[in-house]
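Residue-level structural notes
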Amino acid sequence: MPDQELVVLDQVNKRFGDHHVLRDVNLSVLRGEVVVIIGPSGAGKSTLCRAINRLETIDSGTISVDGVPLPAEGRALAQLRAEVGMVFQSFNLFSHKTVLENVVLGQVHVLKKRRDAAERRARELLDRVGIGAQAAKFPAQLSGGQQQRVAIARALAMDPKVMLFDEPTSALDPEMVNEVLDVMTSLARDGMTMIVVTHEMGFARRAADRVVFMADGEIVEQNGPDDFFGTPRTDRARSFLAKILTH
């Protein structure tokens, strides 16, 4: 069933002290859908993303992935994290391991794959993200854009049901941004379910099935990219777009 809901957030609330970061957030993401979350800084976008694989706990509401509510801890949580790939601003690669080894590790330790199979898969994925030739290098020998592509390959190696991207290009030099967005766009075209927090409006227009606009911890508006960028329905979205699209 292509229209199955894969990720469902129901009345999710999160506070940091007095700061109400997520306010009664409801969001469903269908299998194979690419949802891009945009909005001003402090809107709760990253917190929402991190809550989906329980890097952030929530105060109330429920989040489920593929029909299963998020487990609190232990083995079930490790299993969930294998099913929900995550790519952050920082690459979080093991600096003392080669690029290949970074992509092999989780397959062997979490998925219990045989090493030769894991290496084969790692090489396939490194080729797919365009850095197969760098497999024997260490992360510090790579550019930021290349390191981020290793991080994407590493997440894909777990065969996740959904990929979360939390501002994956914001730490990169401008000339490296597109090489990462191109990989993400090709994943989107291949039918990967993706939830992407980003400031890259070109990517949102090109790759999103749906744009979700957040402000002050709430989902203010959501629509297909053409409608959202062409005719935003709320004043809040209009003023946000006017600020960022004029430059």
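Refer to the structure printed above.
Computed from a predicted model, the values in this text were never measured in an experiment. (Residues numbered from 1 in each chain as written. Predicted model: local features only at pLDDT ≥ 70, side-chain atom pairs only at ≥ 80, totals over all residues. Heavy atoms only, no water.)

Comments concerning the sheet that holds strand E3 (residues 34-38)
A sheet is described by the order of its strands in space; here 6 strands give the open sequence E6-E7-E8-E3-E9-E10, paired in mixed fashion. In the strand order of this sheet, the two ends are held by strand E6 (84-87) and strand E10 (218-223), each with one partner. Between one strand axis and the next, the sheet turns through 20° on average, direction left out of account. By the bridge criterion, 4 bridges tie E6 to strand E7 (residues 162-166) in an arrangement that is parallel. Counterpart to Gly 85 in the pairing with E7 is Met 163. (Pairing = 2+ DSSP bridges. Helix = DSSP H or I, 4+ residues; strand = E, 2+ residues; numbered from the N terminus. Axes fitted to C-alpha atoms, helices over the stretch in contact; angles between N-to-C directions.)

A few points about the nonpolar core
Grouped together as the largest cluster of nonpolar side chains are 52 residues, with contacts concentrated most on Leu 126, Ile 152, Met 163, Phe 165, Met 184 and Met 194. Per-element accounting of this core gives the leading share, 8 residues, to helix H6 (residues 174-189). Those residues within four positions of Phe 165 in sequence are excluded, and the remaining contacts are Cys 49, Val 87, Ile 152, Met 184, Leu 187, Met 194, Ile 195, Val 196 and Val 197. Residues Leu 9, Val 12, Leu 77 and Phe 88 belong to the second largest nonpolar core, which totals 29 residues. (Core = buried A, V, L, I, M, F, W, Y, C linked by side-chain atoms within 4.5 Å. Buried < 20%, exposed > 50% of the residue type's maximum accessible area, 1.4 Å probe, protein only. Contact = heavy atoms within 4.5 Å.)

Quick look at the side chain of Arg 149
Looking at where Arg 149 falls in the secondary structure, it is placed in helix H5 (residues 144-156). For Arg 149, the contacting residues outside a window of four places in its chain are Val 129, Gly 130, Ile 131, Glu 179, Val 180 and Val 183.

Focus on the packing of H5 against H6
Following both chains from N to C, one finds H5 and H6 inclined at 20°, their axes separated by 8 Å at the closest point. Put simply, H5 runs roughly parallel to H6. The hand of the H5/H6 crossing is right-handed. Across the interface between the two elements, Gly 144, Gly 145, Gln 146, Gln 148, Arg 149, Ile 152 and Leu 156 from H5 touch Met 176, Glu 179, Val 180, Val 183, Met 184 and Leu 187 from H6. (Parallel < 35°, antiparallel > 145°, perpendicular 65-115°, else oblique. Left-handed = near helix turned anticlockwise from the far one by under 90°.)

Comments concerning the side chain of Thr 193
The residue Thr 193 is located in the loop between H6 and strand E8 (194-197) in this model. Take Thr 193: its relative accessible area is 3%, and that puts it in the buried class. Here Gly 32 takes part through its backbone nitrogen, which lies 2.7 Å from a polar atom of the side chain of Thr 193. Non-local contacts of Thr 193, meaning those with residues more than four positions away in its chain, are made with Leu 6, Val 29, Leu 30, Arg 31, Gly 32, Glu 33, Lys 161, Val 162 and Met 163. (Polar contact = N/O pair within 3.5 Å; in protein donor to acceptor, adjacent residues only side chain to side chain.)

Concerning the pattern of salt bridges
For the structure on display, the rule yields 13 salt bridges. Between Arg 114 and Asp 116 there is a salt bridge, with the nearest N and O atoms lying 2.8 Å from each other. Given a relative accessible area of 59%, Arg 114 falls into the exposed group. The class for Asp 116 is partly exposed, based on a relative accessible area of 37%. Bridged by salt links that share partners, the residues Arg 31, Asp 66, Glu 83 and Lys 161 form one connected network. (Salt bridge = Lys/Arg side-chain N within 4 Å of Asp/Glu carboxyl O.)

With respect to the sheet that holds strand E1 (residues 5-16)
Sheets are built from strands paired through backbone hydrogen bonds, the pairs being either parallel or antiparallel. Spatial ordering of the open sheet is given by E2-E1-E4-E5, a layout of 4 strands whose pairing is antiparallel. The outermost strands of the open sheet, each flanked by one partner alone, are strand E2 (19-30) and strand E5 (68-69). One ladder, built from 2 bridges, connects strand E4 (residues 60-65) with E5; its direction is antiparallel. By the bridge assignment for E5, Ser 64 is matched with Pro 69.

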